[in-house]
Amino acid sequence: MIVATSVIFWAIVVLTCPLFFIGAVLVRALTLPFDRRRVVLHLYTSAWAVFYIHVNPLWRIHVSGRGLLPWRGSAVLVANHTSLVDVLALFSLFRPFKWVAKASLFKVPLMGWNMWLNGYVPLVRGSGESVRAMMARCGRLLRGGSPVFFFPEGSRSPDGRLGTFKLGAFTLAIDHDVPVYPVAVWGTGDALPKHGLTFRQRANIRVRVLPPLSPADHPTAEELRDATHRVLSEALAVSPAPEGG
């Protein structure tokens, strides 16, 4: 049953991606004159991503705390990372932001091209030059009023536990005096393991936006990083209520 569902799901992804990408190109073309931040295209992309969650009979998702996130205004968003499904789940926030993601993903046909179309930010791991370019690009986005979204662990957790955080996201928050919004995600490791494309079991995915942390209360990048890690770790240690709490 689960193997058959996996096959059908990935077939749906392959068949629908070209149609969704054509839609993305049309949305970008129609909104180019007035949507400098590409908000409409990002919301379209969010709907594209969330479609795949709702079309999968093995997955259920609940989002809470969405109202904490601003529609306008600069911010840094960070979340824990255990599965590829995290990205689909976090699009369900339906708020305008720019992902910081591995540069190799931008080369993936259709989905990666759409990342480029959205103006998301590529990053080559281990490259100092790429990190500097990413920081500069994120700085411009923050000054322009666009939130940026990081997985501060840098890669997916191999065991589901929250790993150490890199400083980049928090340095940006300090340098640009913008709040950090921790976002806790549960259940995606059950939805799809780190290695392989076959689902393991049914998954109840939960996404919860936590109250923001201000640079005024944590005046160095290290303090802000440690405070965010502590808040997110404490939240993840408590299983959310079935209705998402």
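Residues numbered from 1 in each chain as written. Predicted model: local features only at pLDDT ≥ 70, side-chain atom pairs only at ≥ 80, totals over all residues. Heavy atoms only, no water.

J.: Honestly, the nonpolar core in this entry has me stumped. Any pointers?
T.: Side chains that are nonpolar tend, in soluble globular proteins, to be buried together. Counting 45 residues, the largest nonpolar core has Y52, W59, L90, L93, W99, F149 and V207 as its most contacted members. No other element matches helix α1 (residues 2-31), which puts seven residues into this core. Residues in contact with L90, not counting those within four places in the same chain, are A79, F97, W99, F149, F151, V183, V185 and V207. Grouped together as the second largest cluster of nonpolar side chains are 28 residues, M134, M135, F165 and V180 included. (Core = buried A, V, L, I, M, F, W, Y, C linked by side-chain atoms within 4.5 Å. Buried < 20%, exposed > 50% of the residue type's maximum accessible area, 1.4 Å probe, protein only. Helix = DSSP H or I, 4+ residues; strand = E, 2+ residues; numbered from the N terminus. Contact = heavy atoms within 4.5 Å.)

J.: Hey, could you run me through the pattern of salt bridges in this one?
T.: Should their charged atoms come close, side chains of opposite charge can pair. If you walk through the whole model with that rule in mind, you get one salt bridge. Ionic pairing is found between R225 and D226, a salt bridge with its closest N-O pair at 3.1 Å. Assessed through its relative accessible area of 40%, D226 is described here as partly exposed. (Salt bridge = Lys/Arg side-chain N within 4 Å of Asp/Glu carboxyl O.)

J.: Could you clarify how one ought to interpret a nonpolar patch on the surface in this entry?
T.: A cluster of nonpolar side chains, namely I22, L26 and L30, defines an oily patch on the protein surface of about 330 Å² accessible area. Tracing the sequence through the fold places L26 in helix α1. (Patch = residues over 30% accessible without salt bridge, like charges linked within 9 Å, V, L, I, M, F, W, Y side chains within 5 Å. Areas by Shrake-Rupley, 256 points an atom, 1.4 Å probe, with all protein chains shown as cover.)

J.: Sorry if this is basic, but what is going on with the layout of surface pockets here?
T.: In this approach a probe as big as a water molecule rolls over the atoms, and the regions it shows empty are the leftover space. Computed from the structure, the largest pocket encloses a volume of approximately 1,300 Å³. Residue lining of the largest pocket: 43 residues in total, with L84, V87, A101, L105 and F151 positioned closest to the centre. Put simply, the parts of the chain that give the lining of the largest pocket at least two residues each are α1, α2 (39-55), α3 (85-91), β3 (98-102), α4 (111-118), α5 (128-143) and α6 (168-176). Looking at side-chain class alone, the lining of the largest pocket contains 30 nonpolar, eight polar and five charged residues. Here the second largest pocket defines a volume of roughly 320 Å³. Taken together, the elements giving at least two residues each to the lining of the second largest pocket come down to β6 (180-186), α7 (188-191) and α8 (221-236). For the lining of the second largest pocket, the element with the highest residue contribution is α7, accounting for three residues. (1 Å grid on protein atoms, 1.4 Å probe; cavity = no way out; pocket = protein on both sides within 12 Å on 5 of 7 lines; lining within 4 Å. Points joined across faces, edges and corners; volume = space filled by probe spheres on them. Nonpolar A, V, L, I, M, F, W, Y, C, P; charged D, E, K, R; others polar.)

J.: Whenever I open this one, the packing of aromatic side chains confuses me. Can you help?
T.: Following the criterion strictly, the structure yields 19 aromatic pairs and no others. Through successive ring pairs, a cluster of aromatic residues spans F9, W10, F20, W48, F51, Y52, W59 and F199. (Phe/Tyr/Trp six-rings, centres within 6.5 Å; stacked < 30°, edge-to-face > 60°.)

J.: How do you make sense of the pairing of strand β7 (residues 203-209) when you look at a structure like this?
T.: If a strand is regular, its side chains alternate between the two faces of the sheet. With respect to burial, β7 is a largely interior element, five of its seven residues being buried. Bridging between strand β1 (residues 59-64) and β7 involves six bridges; their strand directions are parallel. When the sheet's bridge partners are listed, I61 is paired in β7 with I205. Of the pairings in the sheet, the one linking β6 to β7 comprises four bridges and is antiparallel in character. Within β7, the residue paired with V183 across the bridge is V209. (Pairing = 2+ DSSP bridges.)

J.: How do you make sense of the sheet that holds strand β2 (residues 76-79) when you look at a structure like this?
T.: Adjacent strands of a sheet form backbone hydrogen bonds with each other and so pair up, either parallel or antiparallel. What the seven strands build is an open sheet, ordered β1-β7-β6-β2-β5-β3-β4; its pairing is mixed. Lying at the two open borders of the sheet, with one neighbouring strand each, are β1 and β4 (121-123). Ignoring which end each strand starts from, the neighbouring axes of this sheet average 20 degrees apart. As paired strands, β2 and strand β5 (residues 148-150) are joined by three bridges and run parallel to one another. Among the inter-strand pairings, L77 is bridged to a residue of β5, identified as F149. The strands that α8 touches are β2 and β6; relative to β6, the one it contacts most, it runs at about 30 degrees. (Axes fitted to C-alpha atoms, helices over the stretch in contact; angles between N-to-C directions.)

J.: Help me understand the pairing of β2, please; the structure alone is not making it clear to me.
T.: Burial along β2 is two-sided: V76 and V78 and L77 and A79, pointing in opposite directions, are all buried. Both β2 and β6 contribute to a ladder of four bridges, which runs parallel. Within β6, the residue paired with V76 across the bridge is V180.

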